Amino acid sequence: MSEYAIEMNNITKTFPGVVANDKVTLQVKHQEIHALLGENGAGKSTLMSILFGSYSADSGSILLDGKPVEIKNPNVATSLGIGMVHQHFKLVQNYTVTENIVLGVEPTKGRLLDMKRARERVEALSSQYALKVDPDSLIEDITVGQQQRVEILKTLYRNANIIIFDEPTAVLTPQEIDELMEILKKLRSEGKTIVLITHKLKEIKEVCDRCTVLRRGRCIGTVDVQDVSEQDLAEMMVGRAVKFEIDKPEQQAGRVMLSLQHLQVADISGALRVKDLSLDVHEGEIVGIAGVDGNGQSELLGAITGLLPLSGGSILLDGTSIGNLSIRQRIEKGLGYIPEDRKKYGVVGEFSIAENTALKNYYRDTYRKRFGILDFEAMNQEAENLIAQFDIRSAEGAKTNAGSLSGGNQQKVIVAREISLSPKVLVVAQPTRGLDVGAIEYIRKRIIAERAKGRAILLVSFELDEIMNLCDRIATISKGSIVAVNKQHEVTEYEIGLMMAGSKKEAAR
Amino acid sequence: MSMIWGMLPSVLMIVAPILITAIGGMICEKAGVVNIALEGLMAIGACTAAAAHVLMEGSGMPHSLSLFLALTMGLVVGGLFSLVHALAAINLNADQTISGTGINLLANGVTIFASQILFSADRTREFRMGMQTDALGIYPTAYIAIAVVVLSWFLLYKIPFGVHLRACGEHPGAAESVGINVKKMRYFAVVASGVLAGLAGGCVVLTQTIQYTSNTINGRGFIALAAVSFGRWRPLGVTGAALLFGTAQAFAIIANNIPALRVLPTEVFNILPYVVTLAALVLFSGKNYAPSAAGKAYEKGAS
Amino acid sequence: MKLSRQKFIQSDGAVSVMVVVLGFLVGTVLVALVGKNPLNMYKALFQALSGYNIDNGRMNVRYIAETLNYSVPFILCGLSMGFAKRVGLFNIGGEGQYIMGMTIAQAIALLGPRIPVMHWMFAMVGAVLIGSLWGGVVGILKAKYEVSEVVSTIMLNYVALYLSRIICLQLPGATTYKTANFPETALIGNAFFQKITNNSLLNNGIFMMVGAVLVYWFIMEKTSLGYGMRATGFNKDAARASGIPVVKSISISMAISGAFAGLAGGIVALGSFKYGRVLSGMDNYGFDGIAVALVGNCTALGTTLAGLLFGLLKNAQALMQGKQIPKEITFIIQGLIVIFIALRSALKLYQEYLDKKQLQKEVGV
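The structure presented is a predicted model; accordingly, all values stated were derived computationally and were not measured.

**Here's the deal with the interface of chain B and chain C**
Now for step 1: Counting residues at the interface gives 39 residues for chain B, matched by 39 residues for chain C.
Now for step 2: Listed by contribution, the elements that provide at least two residues to the side of chain B that touches chain C are α3 (63-91), α4 (96-119), α9 (220-230) and α12 (266-283) of chain B.
Now for step 3: Counting residues per element, the side of chain B that touches chain C draws most heavily on α4 of chain B, at 15 residues.
Now for step 4: Here the residues of the side of chain B that touches chain C sort into 23 nonpolar, 13 polar and three charged.

**Re unusual backbone geometry**
Now for step 1: Phi angles above zero are rare outside glycine, and K479 of chain A is one such case at about 50 degrees.
Now for step 2: C-beta crowding within 10 Å serves as the criterion here: with 15 such atoms nearby, K479 of chain A is assigned to the partly exposed category.
Now for step 3: Backbone geometry places C298 of chain C, a non-glycine residue, at a positive phi of 60 degrees.
Now for step 4: Following the sequence through the fold, C298 of chain C ends up in the loop between α13 (285-295) and α14 (300-322).

**Some points on the sheet that holds strand β11 (residues 210-215) of chain A**
All names here are of chain A.
Now for step 1: Here six strands make up an open sheet; going across it, the order is β6-β9-β10-β3-β11-β12 and the pairing mixed. Looking along the sheet, the strands with just one partner apiece sit at the ends: β6 (82-85) and β12 (218-224). Taken pair by pair, the neighbouring strands of this sheet meet at an average axis angle of 20 degrees, ignoring direction.
Now for step 2: Note: β11 against β12, six bridges, orientation antiparallel. Looking at the pairing, V213 lines up with G221 of β12.
Now for step 3: This element, helix α8 (residues 230-238), spans β3 (33-37), β11 and β12 of the sheet and lies at about 30 degrees to β11.

**Topic: the UniProt feature "transmembrane region" (unreviewed entry) in chain B**
Residues and elements named next belong to chain B.
Now for step 1: Per the UniProt annotation, the sites labelled "transmembrane region" (unreviewed entry) are residues 7-27, 33-55, 67-90, 102-121, 133-156, 187-207, 236-256 and 268-286.
Now for step 2: What you have in residues 102-121 is 90% helix and 0% strand, and the ends, taken at the C-alpha atoms, are 24 Å apart.
Now for step 3: As a span, residues 133-156 carries 71% helix and 0% strand, and end to end its C-alpha atoms are 31 Å apart.

**Notes on the domain arrangement of chain A**
All names here are of chain A.
Now for step 1: Annotation of chain A at the domain level lists domain 1 (4-238), domain 2 (243-334 + 422-509) and domain 3 (349-421).
Now for step 2: Its C-alpha centre places domain 2 at a distance of 27 Å from the equivalent point of domain 3.
Now for step 3: Listed per partner, the contact involves 12 residues of domain 2 and eight residues of domain 3.
Now for step 4: Here the side of domain 2 that touches domain 3 gets four residues from one element, more than from any other, and that element is helix α15 (residues 437-452).

**Some points on the packing of α13 of chain C against α14 of chain C**
All names here are of chain C.
Now for step 1: The interhelical angle for the contact between α13 and α14, taken along N-to-C directions, is 135 degrees, at an axis separation of 8 Å. As the angle between them shows, α13 and α14 are arranged oblique. Relative to α14, the crossing made by α13 is right-handed. Of the residues in α14, those touching α13 at D288, V292, A293 and V295 are T303, A306, G307 and F310.
Now for step 2: Counted by class, the contact of α13 with α14 contains five nonpolar, two polar and one charged residues.

About the thresholds
Residues numbered from 1 in each chain as written. Chains lettered and ligands numbered in written order. Predicted model: local features only at pLDDT ≥ 70, side-chain atom pairs only at ≥ 80, totals over all residues. Contact = placed C-beta atoms within 7 Å. Helix = DSSP H or I, 4+ residues; strand = E, 2+ residues; numbered from the N terminus. Nonpolar A, V, L, I, M, F, W, Y, C, P; charged D, E, K, R; others polar. Buried ≥ 20, exposed ≤ 12 C-beta atoms within 10 Å, placed from the backbone. Pairing = 2+ DSSP bridges. Axes fitted to C-alpha atoms, helices over the stretch in contact; angles between N-to-C directions. UniProt positions renumbered as here; feature names shortened; annotations may be inferred. Domains from an automatic or database assignment. Parallel < 35°, antiparallel > 145°, perpendicular 65-115°, else oblique. Left-handed = near helix turned anticlockwise from the far one by under 90°.

Here it is, written out as structure tokens:
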């Protein structure tokens, strides 16, 4: 028996335009929880996708328990005992828990499906590993934490000995994260080898034995977790000293700029997702909404911006009711929006930077020449100004195709556009998702700068540290309404976690 | 009441090909590929069947054998042509609407071109005798249609293959991650829809007319497509939808038997099936029931 | 070397030309396979383009004019499809919009006031309006009820065909296939053209077509309306989130799209015929417009060039038939062109493959 359960030696993998893995070597011991740490885009997911057979490496070798193997596809990986719990769950929404767990390996009686036998095995596994799920629920009806357990059961059903977890805690409450940590320890004690892909330093310190750090496709090194601090890990991950604290000067908040009163919003299928939500945001303050994805945040954002209609309640912007106004009218009244999904709602990829920065005000007099012709030169000029101001890296300046920019630069285009319109209220959703540390720092600094200018800022984020560090006041949302509002520094992450899950705390407004 | 029973054979004759095509379209979309080339594929099947039958008839082959072979050739050629769409949509990530439209245009040309070469006319030669009805006055195509519906239900819901196929249309990433070959599944689905459309085209020409012309299919392929959507992508629903649209189309024939309606110009009845389809789509737009990944090219590695 | 190859693949114009050439190539092979002489096909095309008959050395200017005349409805139907496609819609209802335009033009020609110039202008305006109505309905159905425009336009095509018959059979002097002759005031013929082109059917419609091309280009590229439409076509969600009125954009674009096709119907009705027609089948300009727009990449210039090509193909049909080549070969070539256009994305995949190989070389794999 070899010392290592997994050895990936000199793995190289390229995609059009990028080297995802550059001669990476990874060695995981038997029955250890091994962390794979790196920023977004460092190559962690790619490396594990190669292990799981979703991709094939361009060069390099893989050994399992000392024996060389060729993992051509997920089937082969599964037969070798490797299982993967994906970050974006690979579950069919309108199939049941059981159907998803046995997908691809359904038990049969003759040629016909034998779902009874499938169900029995699922229940047995569920109790053996203390992973509680209802075998007959549809995936679209269960919580995210339960869906993750289904993903884990998928691997156990296929007798996995090596289980890879890809950013498992991104979508969980603090309590659910604790539960997951316990599950990982139990799996380890049952003889499983675990690889944990993550960028959360706290979790690495809590449960991992060793950690391998990747940076921009290259392997930086492997360390024993107990020998290093979070600061050390951060420096390895980014390549320089990292500041965790954010400079936020003390500031007096002004009058109420955005007032949400008893809002009720339904999602596109008609189900009520926001129920009696009330919240005020003042000039010069940042109010954060903390909560697990799926508790009404998307619907709330939709209602404020105008993408979704209000089923009840009212929204006041600087005293004016905007609940009945069109999206364009709200923008004209001073509503800015940095959307969560920048590719879907933020930029038009086929347009140039200039056409994107003008997306919200192209029709106004500033850009109108005679006969209704658009003044494209003026648009380009304005875009060049913004590119300089916001340090947007582009190949051809204002005429660059927005789709060819990196994620960070696309986000900068959006931020530049919104800020240049001098909004009274700025609604920001998941502003730093998928960005590298440099871009994250920049965006956060900009948000604080807007706060200093007196804007009212509403921040929705699933990263609890981001909310805790940036916001003056923190509102916790659970099941569609605000459970409590607390001042920064007067509440702990753990308390917010409890509130996210539904138990109320005395609000300190 | 007896009049309605009297209508039944005509209704079934018209519904059968639409239903067969619709089931094919349903299987195709359930796997994630939208196939708007059903119209062209029906045309190809119809032309092939008509040409084959008239040629075999002329050479003295027994009638039933000739019909059987003609239908078989129709479905084979339909399947072959659908491979073009499959290749474009699945391997080359082409825009599925454009490649489907291209096949429709191509079929338009190829069928008449072939007729010109074979028969020196812009239509196939008239055959003497097509399919015959049974004792109840019902064409065998109706039974074929019922068999197709039952088979599709069994295939999609009772065996693992169907579970895998439907997963490809809902969440190809999930399917791929458990080892299902999404590309292979989709190829099967597209070719199945081509085979069924070709078969249905043959049924149209052998039961409703005596030759293939450029007017033979006249929108039936698109009506079948609408039936898939209206029937919410389930075998029973699609059957109901096909019955509705087929009945509307049969009205033109039936109207001749009802004195009160005979005064209206035939064009009014010609319009009826299309208007009914349109109204059905508006009233019951079932976008929420479509397979989640239908129409989108699947790229490996895209989560 | 690599840069120029990359630029080539990404240049839409080059792709269009390549696709057309490929289509012709396959068509040539097909003609040869069925035992006919492909050279005859090209001779017919050449004659239709230049008026020069290679076989007997005679020149007839009329062919050039006919090619131009045939291209008018192709270009207009191409503009129709192209305008909608820019907003993200697949308008294959050009045929129905064309038929309605033709029908109303015929009706106004036979029933309207016989005032010179005003008469045909009314007819044309009527054609444009009914076309935009027929298209606008599709836009509203899509924007408000999410009804697929692919199916609704096809349904409306057939409704238009039969509705046209119902209307035309009621017009003065109607038989099963034609109506009474149009009054002079309703026609859009051009005597000057007739004189210099040896009595071709080239008429004032060509001026209207040129105007339409300019309107298309102007709206799409220069106005804020076009800007909003293009944004909607590229990314409906981002456009909507940025305040662009998406429902309005989609409806208006379908209406304008229908207007182009309706105009085509009116021009063909009053320019190429002296009497109204009771349709028994579709002219297919609407369907061919799909291919025209795709080859022309939905731009004003591209569509014009592509429309001229299709006009050439159609004009050559009778000549081909005379040389024993079934005219349907042109339909086959059109279908192939559309399929090959769909494979444009295949070129992108090929480019990605090349990039990856290049990168692997650099990394030393």
